[in-house]
Amino acid sequence: MRLAFFGDVVGKSGRAALAAHLPRLRAELRLDFVVANAENAAGGFGITESVAQELFAAGCDALTLGNHAWDQREAITYIGREPRLLRPCNYPTLSDAPGRGAQMFDVAGRRVLVVNAMGRLFMDSLDCPFTAVDRELTACPLGAAADAIIVDLHAEATSEKQAMGHFLDGRASLVIGTHTHVPTADSRVLPGGTAFQTDAGMCGDYDSVIGMRKEISVRRFAVRLPGERHATADGAGCACGVFVETDPRSGLARRIAPIRVGVGLTETVPVLETA
Ligand SMILES: [Fe+2]
Ligand SMILES: [Fe+2]
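This structure is a prediction, so every number in the text was calculated from the model and none was measured. (Residues numbered from 1 in each chain as written. Chains lettered and ligands numbered in written order. Predicted model: local features only at pLDDT ≥ 70, side-chain atom pairs only at ≥ 80, totals over all residues. Heavy atoms only, no water.)

A. Fine view of helix α5 (residues 158-167). Among the residues of α5, Glu160, Lys161, Met164 and Gly165 are the ones counted as buried. One face of α5 carries all of its buried residues, which in axial projection span an arc of 145°. Against α4 (129-139), β6 (148-154), β7 (174-178) and β9 (195-197) lie the buried residues of α5. (Buried < 20%, exposed > 50% of the residue type's maximum accessible area, 1.4 Å probe, protein only. Helix = DSSP H or I, 4+ residues; strand = E, 2+ residues; numbered from the N terminus. Arc of directions from axis to C-beta. Contact = heavy atoms within 4.5 Å.)

This is how it looks when you write it as structure tokens:
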């Protein structure tokens, strides 16, 4: 299968970049399934129903979240009605979090499992993401119950994300990091056959500080005094993510390549190898 995953969509710029480029990428790369992390899609903070619909219309098949999952109150009820929207699967059992952290999708007869989890280093600590993801993948093994498995680990620490990649190597098609909003240059297929990149980067305006207006961010860092509230940078954006080709039998990755298309970063778009 041919899969794409796009990192944190930030505000209008991120949504516009996906809407501008994803339909063409879907056709050019003959994508079977597309996931985007949408935790910052609504003005930088969380997700609303109308924003999610915009992303589905642009060509996303599933959306994942992260530490900003509940910034917009309506997400708490909306997620219960929208199986294509996932929040991290490792909320404490007692929290009774709405929605789901893993979902199986039927893609023309092939089964794609998407799992979202949140790391614990330098962020609000949920239950152990390794235990939580292990539970999901044990219930739904790659190559048997699923034709492809995509795991989004939303985490701050590169170490935690790489550890998850190795932990799941051979059991997932793709383990992808999100949250830092900067694409890392380490896309590779791990020895066991799992495609991995430490962070997918963001879809948004890169003339910013991780998608927020640079003047406000710089001032907050430099002056250390209360100032203007953070606001998203709304210039032209870049859609940033990865492309993965999987083996039809094993569900493991044959190839991973970065996607960066739009304004702000050096563009790169994979070329399909003709079979
Ligand atoms: Fe984010
Ligand atoms: Fe985040």
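B. Region of interest: the coordination of the iron ion (ligand 2). Around the iron ion (ligand 2), the protein contributes the donor atoms Glu39 (OE), Asn67 (OD1), His154 (NE2) and His179 (ND1), at 2.1 Å from the metal centre. Metal-centred angles of 87 to 143° between the 4 donor atoms at the iron ion (ligand 2) mark the site as irregular. Sequence positions of the donors to the iron ion (ligand 2) reduce to the motif E-x27-N-x86-H-x24-H. Residue Asn67 is classed as partly exposed on the basis of its relative accessible area, which comes to 32%. (Donors = N, O, S within 2.8 Å, 3.2 Å for Na, K, Ca; no water. Tetrahedral: all angles 85-135°; square planar, octahedral: opposite > 155°, others 65-115°.)

C. View of the packing of aromatic side chains. Applying the stated criterion to the full structure yields 3 aromatic pairs. With 5.1 Å between their ring centres and 55° between their planes, Phe33 and Phe105 make a pair best called tilted. Highlighted residues: Phe33 in strand β2 (residues 33-37) and Phe105 in strand β4 (residues 102-107), separated in sequence by 72 residues. A single burial state applies to Phe33 and to Phe105, both of which are buried. Ring centres of Phe130 and Phe167 lie 5.3 Å apart, and the angle between their planes is 80°; on these two criteria the pair is classed as edge-to-face. Of this pair, Phe130 sits in helix α4 while Phe167 is found in helix α5, placing the two residues 37 residues apart along the sequence. Judged by its relative accessible area of 35%, Phe167 is partly exposed. Here the guanidinium or amino end of Arg84 rests over the ring plane of Phe56, the centre of that ring lying 3.7 Å away. (Phe/Tyr/Trp six-rings, centres within 6.5 Å; stacked < 30°, edge-to-face > 60°. Lys NZ or Arg CZ within 6 Å of the ring centre and 35° of its normal.)

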